[in-house]
Amino acid sequence: MTESSFAPRTAGSGSSGPGPAAPATAGPAAGVPAARPHTAQLPSAEPRMTRRQQLALVLLLGSQFMLAIDFSILNVALPSIGSGVGLGDGDLQWIATAFALPSAGFTLLFARVADLSGRRRLFLIGLGLLVIASLLGGLAQSPAELLAARVGQGLAAAIAVPSALSLLVTTFPDGPVRRRALSLNGALLPAGFTVGALVGGLLTGYLSWRWAFLVNVPVALAILVATPRVIPLDRGTSGQRLDIPGALTVTAGLVAFVYGVSRGGEDGWSDPWVWVAIGLGLALLVAFWRIERTSPHPLASLDVLRLRHVGWGNAGGFGVFALGSSIVFIMTLYLQQVLGYSAVTTGLIFGVPGAAAFTAGMVSPRLLTVIPSKPLLVVGLVLQGLCALALVFVGLDRGSLTLVLIASVVGFFGHACGIVGYLITATSDLRDDQQGLATGLTTLTQQVALTLGIPVLSAVANARTNTLRADGDHSPADAILGGLHLALGVNAAVTAVVAVLVTVFLVRPGRRRRMDRADRADLTDLAQDRVAAPAQGAGLPAAAGSSPA
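*Asks:* What am I meant to see in the overall build of the protein here?
*Replies:* When you go through the protein residue by residue, the secondary structure sums to 18 helices and 0 strands. Counting contacts in the protein only where the partners sit at least 6 residues apart, residues at least 24 apart contribute 81% of the total. Approximately 25400 Å² of the protein is accessible, and the part contributed by carbon and sulfur atoms is 65%.

*Asks:* Where do I start with the packing of aromatic side chains in this structure?
*Replies:* Counting across every chain of the model gives 5 aromatic pairs. For the ring pair phenylalanine 321 and tyrosine 422, a centre distance of 6.0 Å and an interplane angle of 75° mean the geometry is edge-to-face. Taken together, the positions of phenylalanine 321 in helix H13 (residues 308-338) and tyrosine 422 in helix H16 (residues 401-427) put the pair 101 residues apart, joining distant regions of the chain. One exposure class covers both phenylalanine 321 and tyrosine 422, and it is buried. One Lys or Arg, arginine 398, reaches over the ring of tyrosine 341 and ends 4.2 Å from the middle of that ring.

*Asks:* Quick question: what am I supposed to make of the side chain of threonine 465 here?
*Replies:* Tracing the backbone through its elements, the reader meets threonine 465 in helix H17 (residues 432-471). On the accessibility criterion, threonine 465 (7% relative accessible area) is buried. From its side chain, threonine 465 meets the backbone oxygen of alanine 461 in a polar contact 2.9 Å long. Not counting the four nearest positions on each side in its chain, threonine 465 is found in contact with Ala479, Ile480 and Gly483.

*Asks:* What should I look at first to understand helix H5 (residues 119-138) in this one?
*Replies:* Counting along an α-helix, one turn takes 3.6 residues, and residues three or four places apart therefore face a common direction. End to end, H5 covers 28 Å across 20 residues, agreeing with the expected 28 Å (1.5 Å per residue, within 8%). Along H5, the positions that sit buried rather than exposed are Arg119, Arg120, Leu122, Phe123, Gly126, Leu127, Leu130, Val131, Ala133, Ser134, Gly137 and Gly138.

*Asks:* Any chance you could explain the nonpolar core here in plain terms?
*Replies:* Side chains that are nonpolar tend, in soluble globular proteins, to be buried together. Among the nonpolar cores identified, the biggest contains 86 residues, and Phe123, Leu168, Phe321, Met331, Tyr334, Leu335 and Leu391 are the most heavily contacted of them. Tallying contributions element by element places H16 first for this core, with 12 residues. Those residues within four positions of methionine 331 in sequence are excluded, and the remaining contacts are Phe350, Leu391, Val404 and Leu488.

*Asks:* How should the packing of helix H14 (residues 343-367) against H16 be read in this particular structure?
*Replies:* When two helices pack together, their arrangement is given by the angle between the helix axes and the distance between those axes. Two numbers describe how H14 lies on H16: the axes approach to 8 Å, and their chain directions differ by 35°. In the crossing of H14 with H16, the sense of the turn from one axis to the other is right-handed. Contacts from Ile349, Phe350, Val352, Pro353, Gly354, Ala356, Ala357, Ala360, Gly361, Val363, Ser364 and Leu367 of H14 reach H16 at Leu401, Leu405, Ser408, Val409, Phe412, Phe413, Ala416, Cys417 and Val420. Here the residues of the contact of H14 with H16 sort into 17 nonpolar, 4 polar and no charged.

*Asks:* Mind showing me how you'd approach the environment of tryptophan 209 here?
*Replies:* The residue tryptophan 209 is located in the loop between helix H7 (176-206) and helix H8 (211-214) in this model. Assessed through its relative accessible area of 8%, tryptophan 209 is described here as buried. Along the sequence, tryptophan 209 and glycine 84 sit 125 residues apart, while their C-alpha atoms lie 8.4 Å from each other. Other than its neighbours up to four places away in sequence, tryptophan 209 contacts Ala77, Ser80, Ile81, Gly84, Val85, Gly137, Ala140, Leu146 and Thr204.

*Asks:* What exactly am I supposed to notice about the environment of leucine 437 here?
*Replies:* Position of leucine 437 relative to the elements: it lies in helix H17. Assessed through its relative accessible area of 9%, leucine 437 is described here as buried.

*Asks:* Help me understand the confidence of the model for the protein in this model?
*Replies:* If pLDDT is low for a region, its predicted coordinates should not be looked at in detail. Confidence in the prediction of the protein, expressed as mean pLDDT, is 76, and 79% of residues score 70 or more. At the low end of the mean pLDDT range in the protein sits helix H18 (residues 476-537), at 68; at the high end sits helix H15 (residues 373-391), at 92. Within the model, pLDDT remains below 50 along residues 1-44, and this stretch shows 13 contacts once partners closer than five positions in the same chain are excluded. The low-confidence segment residues 512-549, where pLDDT is below 50, has 21 contacts with residues more than four positions distant or belonging to other chains.

*Asks:* How should the environment of glycine 84 be read in this particular structure?
*Replies:* One can find glycine 84 in helix H2 (residues 78-85). What makes glycine 84 partly exposed here is its relative accessible area of 37%. When the C-alpha atoms of glycine 84 and glutamine 141 are compared, they prove to be 7.8 Å apart, with 57 residues separating the residues in sequence. Not counting residues up to four positions away in its chain, the partners in contact with glycine 84 are Trp209 and Arg210.

*Asks:* Help me understand helix H4 (residues 107-117), please; the structure alone is not making it clear to me.
*Replies:* Across the 11 residues that make up H4, a large majority, 9, are buried. Those residues of H4 that sit buried are Thr107, Leu108, Leu109, Phe110, Ala111, Arg112, Ala114, Asp115 and Leu116. Note on H4: the residue one or two positions beyond its end, glycine 118, has a positive phi of about 115°.

*Asks:* For this particular structure, what's the right way to read the packing of H4 against H5?
*Replies:* Two elements in contact, H4 and H5, have axes whose closest approach is 7 Å; the angle formed by their N-to-C orientations is 130°. Relative to H5, the element H4 lies oblique. Seen from H4, the contacting residues are Phe110, Val113, Ala114, Asp115 and Ser117; seen from H5, they are Arg119, Arg121 and Leu122. When its residues are assigned to classes, the contact of H4 with H5 shows 4 nonpolar, 1 polar and 3 charged.

*Asks:* Help me understand a nonpolar patch on the surface in this model?
*Replies:* Where nonpolar side chains cluster on the molecular surface, the patch consists of Val497, Val500, Leu501, Val504 and Phe505 and spans about 390 Å² of accessible area. In this structure, valine 500 sits in helix H18.

*Asks:* Hey, could you run me through the side chain of serine 400 in this one?
*Replies:* By the element assignment, serine 400 lies in the loop between H15 and H16. On the accessibility criterion, serine 400 (11% relative accessible area) is buried. Every residue in contact with serine 400, bar those within four places of it in the chain, is listed here: Tyr334, Val394 and Gly395.

The rules behind the values
Residues numbered from 1 in each chain as written. Predicted model: local features only at pLDDT ≥ 70, side-chain atom pairs only at ≥ 80, totals over all residues. Heavy atoms only, no water. Helix = DSSP H or I, 4+ residues; strand = E, 2+ residues; numbered from the N terminus. Contact = heavy atoms within 4.5 Å. Areas by Shrake-Rupley, 256 points an atom, 1.4 Å probe, with all protein chains shown as cover. Phe/Tyr/Trp six-rings, centres within 6.5 Å; stacked < 30°, edge-to-face > 60°. Buried < 20%, exposed > 50% of the residue type's maximum accessible area, 1.4 Å probe, protein only. Lys NZ or Arg CZ within 6 Å of the ring centre and 35° of its normal. Polar contact = N/O pair within 3.5 Å; in protein donor to acceptor, adjacent residues only side chain to side chain. Expected span 1.5 Å × (residues − 1). Core = buried A, V, L, I, M, F, W, Y, C linked by side-chain atoms within 4.5 Å. Axes fitted to C-alpha atoms, helices over the stretch in contact; angles between N-to-C directions. Left-handed = near helix turned anticlockwise from the far one by under 90°. Nonpolar A, V, L, I, M, F, W, Y, C, P; charged D, E, K, R; others polar. pLDDT = per-residue confidence, 0-100. Parallel < 35°, antiparallel > 145°, perpendicular 65-115°, else oblique. Patch = residues over 30% accessible without salt bridge, like charges linked within 9 Å, V, L, I, M, F, W, Y side chains within 5 Å. Salt bridge = Lys/Arg side-chain N within 4 Å of Asp/Glu carboxyl O.

Structure (structure tokens):
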């Protein structure tokens with residue numbers, strides 16, 4: 001049945017049966033084009049989340065927010081933790097490295113395991129491990145116990161974060177509802193990093209560093225209890241096996257590479273073992289790529305990795321996280337070591353840009369109606385780069401705090417916009433059975449970027465600071481500030497390069513394809529109009545499928 005069979009019969013429409021012709025006055029005058037038919041359409045209501053989806057959103061975002069806090073909550077408490085368990089100042093970096101190695105190295109593996117065995121099951125396992133590791137860390141009496149707890153927390157993040165993001169994507173259908181959920185997730189990630197610094201300073205200053213671990217326990221237990229009641233059990237993908245060679249090579253390669261970069265940032269790049277670890281990691285990652293090309297059940301499908309929006313979306317996301325996290329680290333050093341603020345005050349100062357990041361996430365659904373996700377990723381990078389460029393001009397006096405706050409508000413707003421654009425770009429237009437890999441890649445990008453950005457730019461700052469100190473013409477604070485200025489300048493330059501590359505290879509190709517489709521549609525309409533106009537001018541019926549002029 002065609003659409004025309006539902007059209008009402010009017011005078012002048014003609015009849016299949018015999019009879020007199022209808023009056024000519026009922027139809028259009030001869031040679032005059034008929035009015036373009038149209039049907040009135042009622043505006044469709046914006047899709048709304050169901051009650052179960054709202055509860056699932058609260059649980060999944062709550063877990064992501066908690067894990068984001070867990071990443072940064074210990075940064076301001078490192079000296080207190082070291083003295084509490086007998087860990088020397090030279091070994092404090094292992095508190096961060098012990099978390100970073102498993103969280104970055106095992107993410108892609110557990111994302112694939114979640115696809116095979118069920119996302120909710122892996123999510124609950126990750127939360128359970130987080131509870132155990134947090135209890136162990138809060139009760140630790142020796143460096144070995146503390147570092148074991150941090151390894152456990154890193155593994156918990158590698159298990160729970162990609163599972164939670166995959167559940168978030170698959171729970172909500174592609175469209176406005178999913179964009180709203182991912183926007184909220186994008187708001188809570190930078191807000192979690194900021195709140196982590198604030199909460200870590202408050203807990204350390206007024207209670208004990210142990211509460212920086214123990215605060216996870218009641219929150220994780222509440223999510224553990226509520227999740228089975230809200231999120232349905234998924235059975236995973238049947239008929240496929242885990243790619244063991246690929247899993248071993250990618251995990252070992254990522255661990256070796258992250259270890260090499262982390263050690264280089266802390267101990268200097270002249271250590272030969274740094275380059276041995278980095279070279280081994282790169283060799284294993286190349287081996288992983290070759291294995292995936294021939295594996296019947298690849299851990300990371302090359303078909304997905306070759307998609308432009310997945311590859312370049314993750315490249316843009318890497319820039320957002322690596323360069324954004326390094327700004328936070330550099331400004332923490334500036335506020336504490338140059339301006340002399342305490343850990344608590346530093347955390348309170350970061351609360352202002354943290355509020356800007358949360359606001360960006362809240363307004364992102366509206367921004368996405370005007371700016372698509374790919375250009376929004378570029379906008380976020382540009383604002384983040386402008387923040388780094390402005391901070392190059394901070395000075396030794398506390399009057400620079402105004403510039404710090406203004407630039408940080410702009411940068412954190414852009415950072416959150418970049419996260420939202422990145423997550424939507426890199427996880428859209430994929431089947432549900434590909435979402436585990438897509439969300440695993442986004443989580444892997446996030447974890448590796450957070451791990452690598454700080455050591456690399458810290459090495460830049462340290463090299464410049466040491467040079468200025470060796471000159472003997474600069475005060476300690478002035479030497480530190482000179483190093484931070486150089487690191488911020490490098491940050492701004494690299495951010496600009498990433499923004500240009502994402503624009504050229506991700507945004508403009510999509511724009512060209514849309515313009516090509518629109519141009520073809522316009523040419524088709526124009527050709528139909530030119531065919532229809534002479535026919536109607538002669539009083540003949542228009543060609544089939546054409547529109548009246």
